[in-house]
Amino acid sequence: DVKVTQSSRYLVKRTGEKVFLECVQDMDHENMFWYRQDPGLGLRLIYFSYDVKMKEKGDIPEGYSVSREKKERFSLILESASTNQTSMYLCASSRGTFGYTFGSGTRLTVV
Amino acid sequence: DQQVKQNSPSLSVQEGRISILNCDYTNSMFDYFLWYKKYPAEGPTFLISISSIKDKNEDGRFTVFLNKSAKHLSLHIVPSQPGDSAVYFCAAPGHGGSQGNLIFGKGTKLSVKP
């Protein structure tokens, strides 16, 4: 069963902390994505990567960075967490746009 | 500027009746559309898609209709079941090709009442 695994289901962090959200896929997909989901705003793209060490900004990259050192792993980094980054974070991978597989999500609360 | 719009945040339907979820888009270059379903505390899962060369695609209880002239698509669920209660997202490829990302609408929360 193919999978996208996000390391944590729930996280609580303090304002100003550096936060790492990890995502691993086992499908040998080239493309990986980070979205956040907020009520009334839907799914908004933060960053995506179409190859190792490559990254592209999405619609809302401010306050975030990413790392893709290996094909199967795509990390989202909150350099200095703020309360407006409290959200559900969703990682996805694909070989094209037609085969997105999402992880189960990480519910991050910044206090 | 929102390229994929779902103007109804929520929809409530009685079990056994038809659910119709709507989606509008602004970019006439979109050539493929997808619907995803999301339960709380889970990631979205692919439901059904349609290519712009078609006007209808059916998969069991789910049918998607595409009206290119109106830049409108709709998802029909017949008959609706309580297990269909979820948030439904309409999506289209943002850049095309294999390196593109999906652009999602804001979602419609469907509640199917027993």
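Above this text is the structure in question.
Residues numbered from 1 in each chain as written. Chains lettered and ligands numbered in written order. Predicted model: local features only at pLDDT ≥ 70, side-chain atom pairs only at ≥ 80, totals over all residues. Heavy atoms only, no water.

**Here we look at the overall build of chain B**
Alright, step 1. Looking only at helices and strands, chain B features zero helices and eleven strands.
Alright, step 2. For 114 residues, the compact-globule estimate of 2.2 N^0.38 gives 13 Å, and the C-alpha radius of gyration of chain B, at 14 Å, lies within 12% of that figure.
Alright, step 3. With the C-alpha coordinates aligned to their principal axes, the bounding extent of chain B is approximately 40 × 30 × 25 Å.
Alright, step 4. When contacts within chain B are restricted to residue pairs at least 6 apart in sequence, long-range pairs at least 24 apart make up 53% of them.
Alright, step 5. Each charge class in chain B was averaged separately, 12 positive and 9 negative side chains, and the resulting centres sit 4 Å apart. (Helix = DSSP H or I, 4+ residues; strand = E, 2+ residues; numbered from the N terminus. Rg over C-alpha atoms; globule rule 2.2 N^0.38 Å. Contact = heavy atoms within 4.5 Å. Lys, Arg positive; Asp, Glu negative; His and termini not counted. Charge placed at Lys NZ, Arg CZ, Asp CG, Glu CD.)

**Considerations on the side chain of A:Gln85**
Residues and elements named next belong to chain A.
Alright, step 1. Take Gln 85: it is sitting in the loop between strand E8 (73–78) and strand E9 (87–94).
Alright, step 2. Under the relative-accessibility criterion, Gln 85 is labelled buried at 4%.
Alright, step 3. Ignoring any residue separated from it by four or fewer positions in sequence, one finds Gln 85 in contact with Arg 36, Glu 62, Gly 63, Tyr 64, Leu 78, Ser 80, Leu 108 and Val 110. (Buried < 20%, exposed > 50% of the residue type's maximum accessible area, 1.4 Å probe, protein only.)

**Quick word on the nonpolar core**
Alright, step 1. Grouped together as the largest cluster of nonpolar side chains are 24 residues, with contacts concentrated most on B:Phe33, B:Trp35, B:Leu73, B:Leu75 and B:Tyr88.
Alright, step 2. Mapped by element, the contributors of at least two residues to this core are strand E3 (19–25), strand E4 (32–38), strand E5 (45–51), strand E7 (62–67), strand E8 (72–77), strand E9 (86–93) and strand E11 (108–113) of chain B.
Alright, step 3. Take this core: its biggest share by element is four residues, from E9(B).
Alright, step 4. If we ignore the near neighbours within four places in the chain, the residues touching B:Leu75 are B:Ser19, B:Ile20, B:Leu21, B:Trp35, B:Leu47, B:Ile48, B:Phe62, B:Thr63, B:Val64 and B:Tyr88.
Alright, step 5. In this structure, A:Leu11, A:Ile46, A:Tyr89 and A:Val110 belong to the second largest nonpolar core, which totals 21 residues. (Core = buried A, V, L, I, M, F, W, Y, C linked by side-chain atoms within 4.5 Å.)

**Some words on the sheet that holds E7(B)**
All names here are of chain B.
Alright, step 1. Read from one edge to the other, the open sheet built from five strands follows the order E1-E3-E8-E7-E6, with strand pairing classed as antiparallel. Unpaired on one side and paired on the other, strand E1 (4–5) and strand E6 (56–59) mark the two borders of the sheet.
Alright, step 2. Pairing analysis gives two bridges linking E1 to E3, with the strands arranged antiparallel. By the bridge assignment, Val 4 is partnered in E3 with Tyr 25. (Pairing = 2+ DSSP bridges.)

**With respect to a nonpolar patch on the surface**
Residue and element names in this part refer to chain B.
Alright, step 1. A surface patch of nonpolar side chains, amounting to about 220 Å² of accessible area, comprises Ile 18, Ile 20 and Val 78.
Alright, step 2. Mapped onto the fold, Ile 20 is located in strand E3.
Alright, step 3. According to the relative accessible area criterion, Ile 20 is partly exposed, its value standing at 36%. (Patch = residues over 30% accessible without salt bridge, like charges linked within 9 Å, V, L, I, M, F, W, Y side chains within 5 Å. Areas by Shrake-Rupley, 256 points an atom, 1.4 Å probe, with all protein chains shown as cover. Salt bridge = Lys/Arg side-chain N within 4 Å of Asp/Glu carboxyl O.)

**Things to note about the interface of chain B and chain A**
Alright, step 1. Between chain B and chain A, the contact holds 19 residues from the first and 23 residues from the second.
Alright, step 2. On the surface where chain B and chain A come into contact, there are zero salt bridges.
Alright, step 3. Put simply, chain B and chain A have five residue pairs in polar contact (both at pLDDT 80 or more) between them.
Alright, step 4. Residue assignment for the side of chain B that touches chain A shows that the elements contributing at least two residues are E4, E9 and strand E10 (102–104) of chain B.
Alright, step 5. Top contributing element to the side of chain B that touches chain A by residue count: E4(B), with four residues. (Polar contact = N/O pair within 3.5 Å; in protein donor to acceptor, adjacent residues only side chain to side chain.)

Worth remembering: the numbers are spatial, not functional.
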